[in-house]
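# Summary of the model geometry
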Amino acid sequence: RQRLQTVKKKMVEKYVREESMIRGPKFLVRIRSHTVYENTSVKLFCTVEVNVTGHADLGLLSPLTCVLLCLRRCSTDDTAQYTVVASNVHGQASSQASVIVKSKTISDCCVSLSVNLLTVLFLSLSLSAAMLPQIHYTKIHITFLEKFGPVFASEGGSVSLTATMTLNPNLANLQPEAQWYRDDTRLSDSKWVKIETGRGVTTLTLPHLYKDDEGLYTLRMVTKGGIAEHSAFVSVADGPPPVPGAPGAPMDIKIHDANRDYVIVSWKPPNTTTEGPILGYFVDKCEVGTENWTQCNDHPIKICKYPVSGLFEGHSYYFRVRAVNSHGISKPSRMSDPIAALDPTEFERLHGVPSAPGQVISTRETDTSVLIQWAPPKEPNNLIGYYIDQCVKGSKDWTSANHKPHKSTKFVVSGLTTGETYIFRVQAINELGLSDESQESAPLSVKAALKPPSAPYTIALLNCDGHSMVLNWQKPLHSGGAKIKEYYVDKRRAGTTMWREINIPPLTERVYKVEGLTEGAVYQFQVYAANIAGLGPASRHSADYTCEAWNMPEPGPAYDLTFCEVRDDSLVVEWQKPHYTGSGPITGYQVEYAKQGTSNWITANETAVSHRFLKVTSLEVGTNYVFRVRAVNAAGTGMASMSSDAVVAKAVPGAQEMSCEVEQKTGDIVFSFESCQMSEESHFVWKKNYKEITDFSKGIVIKTEGSHTKLIFKNADKEDFGTYSVSVTNTDGVSASHTISAEELEKMLALSYDIRHPVIPLKSELSYKILERGRMRFWLQAEEISSNVTYKFFANDKELSGPNHMGHDVSTGVIEFIMDHFTEENEGTFTCQITDGGGKAQSSLVLIGNGKRLCGLLFKCEHTLACPHFSEFLSVQVGDDCSVTLVCKVANLKKESEFHWYREDTEIIPDVKPDLGSGVCKLPIKLFSMKTAGIYKATISDDRGKDMSQIDISGKGTMISNLGSPPPGSSAADLVISCTATGIQLQCHMKYYTSEMNITWLHGLTCTVCGDPRPQVSWLKNGADVEADDQHAISLDQGKFASLTIKGVSMDDSGRYTMIVQNKYGGESVDIVVSVYRHGEKIPEAKPTLTPKTIIPPKLPIEMPQPKTAPSPAPSSPSPAPPKSPAPGRGVKRQKEDSHQCI
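Residues numbered from 1 in each chain as written. Predicted model: local features only at pLDDT ≥ 70, side-chain atom pairs only at ≥ 80, totals over all residues. Heavy atoms only, no water.

## Details of the overall build of the protein chain
We apply this condition: Only runs of H or I of at least four residues qualify as helices and only runs of E of at least two qualify as strands under DSSP, and these elements are numbered from the N terminus. Accessible surface is estimated by sampling points in the Shrake-Rupley manner with a 1.4 Å probe; for residues, cover comes only from the protein chains shown.
Along the protein chain, the regular secondary structure elements total four helices and 83 strands. A total of about 63800 Å² of accessible surface is found on the protein chain, and carbon and sulfur atoms cover 51% of it.

## A word on the side chain of Thr723
Inclusion rule: Exposure is judged per residue with a 1.4 Å probe applied to protein chains only, and the accessible area is read against the type maximum: over 50% gives exposed, under 20% gives buried, and values in between give partly exposed. Think of a polar contact as two N or O atoms within 3.5 Å of one another; within protein, one of them needs to be a possible hydrogen donor and the other a possible acceptor, and neighboring residues in sequence only count if both atoms come from side chains. When checking whether two residues touch, look at their non-hydrogen atoms; a contact exists if any pair is within 4.5 Å.
Of note, Thr723 is situated in strand E57 (residues 722–728). For Thr723, a relative accessible area of 11% puts it in the buried group. A distance of 2.9 Å separates polar atoms of two side chains, one belonging to Thr723 and the other to Thr739. If we ignore the near neighbours within four places in the chain, the residues touching Thr723 are Lys687, Lys688, Asn689, Tyr690, Ser737, His738 and Thr739.

## Thoughts on the sheet that holds strand E11 (residues 141–146)
Stated precisely, the cut-off is as follows: Paired strands, in this sense, are two strands between which DSSP finds at least two bridges. To get an axis, a line is fitted to the C-alpha atoms, and for a helix only the part in contact is used. The angle between two axes follows their N-to-C directions and goes from 0 to 180 degrees.
In spatial order, the strands read E11-E13-E17-E16; together these four strands make up an open sheet with antiparallel pairing. The open sheet is flanked by E11 and strand E16 (194–198), the only strands paired with a single partner. For this sheet, the mean angle separating the axes of adjacent strands, direction not counted, is 20°. As paired elements, E16 and strand E17 (residues 201–206) share five bridges and run antiparallel to each other. Paired with Gly198 across the two strands is Val201, which belongs to E17.

## Quick look at the nonpolar core
Here is the rule we go by: Working definition of a nonpolar core: buried Ala, Val, Leu, Ile, Met, Phe, Trp, Tyr and Cys residues. They are joined through side-chain atoms within 4.5 Å.
Grouped together as the largest cluster of nonpolar side chains are 28 residues, with contacts concentrated most on Leu161, Leu204 and Leu219. Among the elements of the structure, E11, strand E12 (151–154), strand E13 (159–168), strand E14 (177–182), E17, strand E18 (215–223) and strand E19 (226–237) are those that each provide at least two residues to this core. If you tally residues by element for this core, the top one is E13, at five residues. Residues within four places of Leu219 in sequence aside, it is in contact with Phe144, Phe148, Ala163, Ala178, Gln179, Trp180, Thr202, Ala228, Glu229 and His230. The next biggest cluster of nonpolar side chains, apart from the first, holds 23 residues, and it includes Ile459, Met469, Val489 and Val527.

## Looking at the pattern of salt bridges
Pairs can form between side chains of opposite charge whenever their charged atoms are close. Spelled out, the test is: By definition, a salt bridge exists where a carboxyl oxygen of Asp or Glu is found within 4 Å of a side-chain nitrogen of Lys or Arg.
Enumeration over the complete set of coordinates arrives at 25 salt bridges. Taking the shortest distance from any N to any O, the salt bridge between Asp389 and Arg425 comes out at 3.2 Å. Within this pair, whereas Asp389 is found in strand E29 (residues 385–392), its partner Arg425 is found in strand E32 (residues 421–430), the two being separated by 36 residues in sequence. We classify Arg425 as buried; its relative accessible area is 15%.

## Focus: the sheet that holds strand E62 (residues 798–800)
Strand order in the open sheet made by the four strands is E62-E61-E65-E66, with antiparallel pairing throughout. Every other strand in the sheet has two partners, leaving E62 and strand E66 (839–847) as the edge strands with one partner each. If you compare each strand with its neighbour and ignore which way they point, the axes differ by 25° on average. Pairing of strand E61 (residues 790–795) with strand E65 (residues 828–836) involves six bridges; the strand directions are antiparallel.

## With respect to the packing of aromatic side chains
Quick note on the threshold: In this scheme Phe, Tyr and Trp rings, the latter by its six-membered ring, pair at centre separations within 6.5 Å, and the angle between planes marks the pair as stacked below 30 degrees, edge-to-face above 60, and tilted otherwise. Placement of a charge over a ring requires the Lys NZ or Arg CZ to be within 6 Å of the ring centre, with the centre-to-atom vector within 35 degrees of the ring normal.
Per the counting criterion, the structure on display carries 23 aromatic pairs. Arranged with centres 5.2 Å apart and planes meeting at 55°, the rings of Phe563 and Phe627 form a pair that is tilted. In this pair, Phe563 sits in strand E43 (residues 559–564) while Phe627 sits in strand E48 (residues 624–633), placing the two residues 64 residues apart along the sequence. Cation over ring: Arg628 sits above Trp601, and NZ or CZ is 4.0 Å from the ring centre.

## Re the environment of Lys451
Positionally, Lys451 belongs in the loop between strand E34 (444–445) and strand E35 (457–464). Given a relative accessible area of 54%, Lys451 falls into the exposed group. When near neighbours in sequence (up to four residues on either side) are disregarded, Lys451 contacts Ser479, Gly480, Asn531 and Ala533.

Rendered as structure tokens:
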């Protein structure tokens, strides 16, 4: 303030009417230099001779042309010379000051303000040693993690030297410079050397080795505070010579005394340890731009220097040298750098191509263009201009941005794709050619340049106590391309024009309590928003608010209405609770809505909701609505909130809903959502009951990949039911939700538990079997087990040990344990626990006897060895021919042992006695049918005891059809046609046949007909017409092949069948006798007789018989040409062995 007063005083003392003069700007107070420590603030202040009122760096100064640059929490890299330039159409003025900061972090600050016709620009430039006093730079400690070692290679190969390191501190914009040297000569990127340096890694690559590359390689990491270095030797041996014994290639080719038509070439000789002596050298040349090497000397020269003449002035050349000995000529040396044949004075003037331009910086311009700036080359050498190249990040596809040299070091690259990320590089050009490329710029996404935000709006009063007011406002509709960071609030008395700023420091929230107001006074308010680009315009001033304390019993207004999940007929509205609650706590809320432009408010919920969100339904698609919210307490319904912005009831194109499921592999409960819109700044916000989820301690995980996001519950519990929603920022309101009820959650938790604790299904529970010598076998069978299965057996909760006693069979799923000696002490509960992968199973068996049962069990255990017994119980075997055999195996037999078969307690005497020698006993059951089904038993006995085994094949689920055998009809042989004296017989032999089987025959009569015009065919049976129906199929294929197929042949189908074929010129008829016999009936002998054809003369006038209209026959195969024998019958089942059916 004192400085401003001094300025005003000087302006009065130096009163000159200069307002009407035309002149450039003038600094009345210049910026001054500062030296500060880190994390302190620096303000660079200046005053320009222009009358203006405004904000500078987010702070209101005074109604003068004052500009303020504030560097908050300065860091070391803020050390710089700062220049402020004021300019208008008549000229410009500048002021400079130095800022020295002793700290570690980096910050670049650039503020641009526009005041009337005056433009003030702050530029941050690096200080040189001449401008600033000596600076003690921060020491960066470099530790090499991996170092390159000595390398031994041969000519023609390639070598990479890599070093990794850590930096402390590791500052993003203060990385050390990697410098590579060979024998103290610094290396740079070229055709022969490639250098790549990133954060913490640097690599030097020699893509094509020559002996010139041999030497001591040193890496120096250079910082302003010191150097860290590492060295290693690279050895390059001669490669294989073109011919055996030829010398190695010369080295170190240099060009001297370049003139307009000649140059002098020198080199170093190769080492000759085993090769013969060098006889001389050949020098070759090649003009730049071609690949034609020509030899300069006809005879080898013996010294390592040679003048090459006959060059064309102004042309550039490469040179190389080859050595010669008695065995042959060496490989050529590495070619020299290009040299131009020029007059020495002209050569001195041109010297060569420019050096590469300096650092390239890209900044936003528009949403389709980028501003590129770069430092000029250190050696311009009569620079003509620059070429700028552009490339989409990651593509390596470089294209030129300009097609003629650009003279300035600034260039706007246009025609870029919005949202795409690009990198840029620059080349300098002079008369001799292009320089090397500059370093690539940092990647930059193409977006519009940052702008200050638009104005906030809708300033609402939320509470007033007579001395203060609580205000709220809506954030700007346009953020200017950057996050809104701060707000500023001004106030004034109603009826006045002077605004006063009331909040210092600036606000970050959109709710502010204005203190120190006068009770009863009427105020107006306005709000500014600011982002990194600057301060936006002021909002429209608020309504007149009187500073009177609120004392109504109803609540105050809710505020901050927002919308999500907008669909064609519904949306979800959210709001914040009132700051004034009235005489009692708030018990609920009511939401009202109206079509935009109307005052017909509709209450969306008749019953107040206790939460601060509501899904409003039954909206009209495409209609604009406004909303407001009222809070409710015991005293009644409070005042309405400010009306919301209009929102249209229309879903975002491509919008998708959220899904919820249980992950089948992990058992996690997963909410999934895929956004139909995304931008680089977009991110997903997950909420439960419309409150953002911030607590992840219960195993809640959010995973996002591209446009897909998941909310994963690793350890969900029954309290996690509710409404889960997700919204996507920086989109057109993309959002969705899913409500999971307590009942639905309970089902999901049960499914999750089953997935995480799978149960191995068992075919049979734990059982036991008595073995010899008193041993007991405990076993169970699982549906399926893997080779990694583990299991344990327990007796009365005590684990049974002995790996030799346990085993399993992966193919059958059987797991068993053999107990060596079962005694009365082993009485109790036996349990088997199985683990296979993530699955588990358990089965128990109780062996507790109250006397007889346990004693009988023990008796059997102890005396099984002394008795004949079944080692394999009865089972059924079904053969491929449908034969049925009962099989068992007995053991511990002696000569007197007797074996018997029984069916339904009636003994069966088999045709073949059991083979007790092998122990395998079989009982074939001929023609197994319902008559032979029943309960079969087998017994084995002698004077030591008796054992029995039985099996139920009574037909209740154990008939042949259920025994895994082929169907009985499959035992039928192919249909055979036999020509006999009595006619043609069709026979089918079946190995398996019973009277319970149903036999069905299909009979077909076929004939080939011809005639012109094509004849009509009709059929008669015993003189009556035969019409197509479910049993009879009539067809005439290709006009030649006529057939009548009789399905399900029975006795009733016997008779005389007549086929009539006729056209307008007459026709023929033929009779066929069909006889059907029952199975087993004797076929009478009959003498074959030839049935003559009957000629049908034409009728006059000639009439064509009309075909009978008949329904489409059942699907039948087209008659073959020529016709084949009738197809075998369908469903022929259970025919007796060697029996046959004939027609």
